[in-house]
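# Structure assessment
The primary structure of each chain is shown beneath.
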Amino acid sequence: MSQWAIEAQGLGRQFGDFWAIRELDLQIAPGTIYGFLGPNGCGKTTAIRMLTGLLRPSAGTLSVLGYALPRDAEKLKRTIGYMTQNFSLYRDLTVRENLTFMAQIYGLSRRERRQRIDQLLRLFGLDQRQAQLAGSLSGGQRQRLALAAAIIHKPKLLFLDEPTSAVDPENRREFWEQLFDLCDEGTSILVSTHYMDEAERCHKLAILESGSKRADGAPEQLMAQMGVQVIELEGQDLRRLKQQLLRLVPVRSAAQLGARLRVLIDSTITEPLIWLRQQRGLSPIAQATLVRPSLEDVFVICTGEGRQ
Ligand SMILES: Nc1ncnc2c1ncn2[C@@H]1O[C@H](COP(=O)(O)OP(=O)(O)OP(=O)(O)O)[C@@H](O)[C@H]1O
């Protein structure tokens, strides 16, 4: 059996003439949280649907938990959990009824069902709400219910497609605490997101754009290897300064953040602060500071979005 929870080579999916995912290679270690980071439409859901065995790949080879896909898709389905992008539970059933229904689908006995549901209701703070209709829950409660439903059968591998797009930062933080608990208990997790802070929490991630993987690795590793240095500038006329900087070849990106300009300068410039002072004809710069790179910087560099 493969040492990887997920291993893909040259994975692709075509819809008509359009490749939604192309040439995707993945090696995801068991017991880790792996992220797909990318903008809307980059192919995250398509990739996840292939990895869950729900969508047949048009190209490549794929093994998930040792099952060859698409051949063993039916066997795989019992060992994974999948929380889809949209709330997919029954709004007109209560919290407990939804969980009971899911437990029945996975064939839990009556006794197992009761124990597991009681345990999950407590774990996700829903025990006081078990008789409430799912449709009347808040966004955060709904998301916790969806996660409880996705893990009712204790899957070894959990897929979460943009799980926190409808919840506030506090609920998002709590949700991630629960993911780390699950991971600690041995569950492998693949999560898609377009939030940088969420991607930074993953052990490893792949940056996707237009159906292709642009980079992958641990967040710190991606930040260390991106080949640029980051400077923040303060000055009077930041809009003009930005345009002037973007005309300089080593400047890979310049973006305004409030009263600062965040500038990514190619690492071939070893002393970016000195280099900046040497440039003629720039609007006055009041202050320039070298700062730590962020995952957003990596994203900008990988996707070439900075020079617009
Ligand atoms: N069944 C389909 N038929 C035709 N095109 C499709 C189909 N499913 C997905 N696509 C296209 O493939 C591309 C990737 O879509 P996908 O849903 O995988 O992206 P995503 O990264 O999950 O985006 P979002 O975050 O908006 O859900 C999009 O251009 C989409 O229109």
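Calculation criteria
- Residues numbered from 1 in each chain as written.
- Predicted model: local features only at pLDDT ≥ 70, side-chain atom pairs only at ≥ 80, totals over all residues.
- Heavy atoms only, no water.
- Helix = DSSP H or I, 4+ residues; strand = E, 2+ residues; numbered from the N terminus.
- Buried < 20%, exposed > 50% of the residue type's maximum accessible area, 1.4 Å probe, protein only.
- Contact = heavy atoms within 4.5 Å.
- Areas by Shrake-Rupley, 256 points an atom, 1.4 Å probe, with all protein chains shown as cover.
- Polar contact = N/O pair within 3.5 Å; in protein donor to acceptor, adjacent residues only side chain to side chain.
- 1 Å grid on protein atoms, 1.4 Å probe; cavity = no way out; pocket = protein on both sides within 12 Å on 5 of 7 lines; lining within 4 Å.
- Points joined across faces, edges and corners; volume = space filled by probe spheres on them.
- Nonpolar A, V, L, I, M, F, W, Y, C, P; charged D, E, K, R; others polar.
- Expected span 1.5 Å × (residues − 1).
- Pairing = 2+ DSSP bridges.
- Axes fitted to C-alpha atoms, helices over the stretch in contact; angles between N-to-C directions.
- Near = heavy atom within 4 Å.
- Patch = residues over 30% accessible without salt bridge, like charges linked within 9 Å, V, L, I, M, F, W, Y side chains within 5 Å.
- Salt bridge = Lys/Arg side-chain N within 4 Å of Asp/Glu carboxyl O.
- Lys, Arg positive; Asp, Glu negative; His and termini not counted.
- Charge placed at Lys NZ, Arg CZ, Asp CG, Glu CD.
- Parallel < 35°, antiparallel > 145°, perpendicular 65-115°, else oblique.
- Left-handed = near helix turned anticlockwise from the far one by under 90°.

In the nomenclature of an unreviewed UniProt entry, the chain is known as ABC transporter ATP-binding protein of Ferrimonas pelagia.

## Some words on the overall build of the chain
In terms of helices and strands, the chain carries eleven helices and 14 strands. C-alpha atoms of the chain, sized along the principal axes, occupy 75 × 45 × 35 Å. Counting the 308 residues in the chain, one finds 50% classified as buried. Taking the contacts inside the chain whose residues are at least 6 apart along the sequence as the reference set, 69% of them involve residues at least 24 apart. For the chain, the exposed surface amounts to about 15,400 Å²; the carbon and sulfur share of it is 46%.

## Looking at the environment of Glu7
As for its placement among the helices and strands, Glu7 is situated in strand E1 (residues 6-15). In this structure, the C-alpha to C-alpha distance between Glu7 and Thr61, residues 54 residues apart in sequence, is 8.3 Å. A polar atom in the side chain of Glu7 sits 3.2 Å from the side chain of Gln27.

## Topic: the layout of surface pockets
Each pocket or cavity is described by its volume, and for the largest pocket that value is around 690 Å³. Around the largest pocket sit 32 residues that line it, and Tyr82, Met83, Thr84, Asn86 and Ser88 are the ones nearest its centre. Every element with two or more residues in the lining of the largest pocket is listed here: strand E6 (80-83), helix H3 (95-105) and helix H5 (139-150). With six residues, H5 is the single largest residue contributor to the lining of the largest pocket. Classifying every residue of the lining of the largest pocket gives 17 nonpolar, ten polar and five charged. In this model, the second largest pocket occupies a volume close to 290 Å³. Of all the elements in the fold, those that place two or more residues in the lining of the second largest pocket are helix H4 (110-123) and helix H6 (169-184). A breakdown of the residues in the lining of the second largest pocket according to their chemical character gives six nonpolar, four polar and five charged.

## Digging into H5
Taking 1.5 Å of rise per residue, the twelve residues of H5 would be expected to cover 16 Å, and the 17 Å separating its terminal C-alpha atoms lies within 8% of that figure. In terms of residue burial, H5 counts as a mostly covered element, since ten of its twelve residues are buried. When we look at burial in H5, the residues that qualify are Gly140, Gln141, Gln143, Arg144, Leu145, Ala146, Leu147, Ala148, Ala149 and Ala150. Those residues of H5 hidden inside the fold are in contact with E6, H3, H4, strand E7 (157-161) and H6.

## Overview of the sheet that holds strand E14 (residues 285-291)
Strands belonging to one sheet form pairs held by backbone hydrogen bonds; the direction of such a pair is parallel or antiparallel. Pairing within the open sheet is antiparallel, and its four strands lie in the order E12-E13-E11-E14. Edge positions in the sheet fall to strand E12 (251-257) and E14, since each of these pairs with one other strand and no more. Averaged over all neighbouring strand pairs, the angle between strand axes comes to 25 degrees, with direction disregarded. Bridge count for E12 against strand E13 (residues 260-266) is six bridges, and the pairing is antiparallel.

## Focus on the site of the ligand
Near the ligand, the surroundings consist of 13 residues, among which Gly41, Lys44, Thr45, Thr46 and Glu162 are the closest. Take Gly41: an N or O atom from its main chain is 2.7 Å from an oxygen atom of the ligand. Between an oxygen atom of the ligand and a side-chain N or O atom of Gln85, the distance comes to 3.2 Å. Protein burial of the ligand: of its 640 Å² of free accessible surface, 60% is covered by the chains. Breaking the shell around the ligand down by element, the ones donating at least two residues are strand E2 (18-28) and helix H1 (44-51). A per-element tally of the shell around the ligand places H1 first, with three residues. Across the shell around the ligand, the residue classes break down as five nonpolar, six polar and two charged.

## Quick notes on a negative patch on the surface
On the surface, a cluster of negative charge is made up of Asp168, Glu170, Glu174, Glu177, Asp181, Asp184 and Glu185. One can find Asp168 in the loop between E7 and H6.

## Details of the sheet that holds E2
Strand order across the open sheet formed by four strands is E2-E1-E4-E5, with antiparallel pairing between neighbours. Two strands bound the open sheet, and with one partner strand each, they are E2 and strand E5 (67-69). Averaged over all pairs of adjacent strands, the angle between their axes in this sheet comes to 25 degrees, without regard to strand direction. Where E1 lies against strand E4 (residues 59-64), five bridges are found, and the strand directions are antiparallel. Considered in E4, the bridge of Glu7 is made with Ser63.

## Quick look at the packing of H3 against H5
Here H3 crosses H5 at 25 degrees, and the two axes come no closer than 9 Å. Here H3 is positioned roughly parallel relative to H5, judged by the angle of their axes. In this structure, H3 meets H5 at a crossing whose hand is right-handed. Contacts between H3 and H5 involve Val95, Asn98, Leu99 and Met102 from the first element and Leu145, Ala148 and Ala149 from the second. Looking at the contact of H3 with H5 residue by residue, the classes come out as six nonpolar, one polar and no charged.

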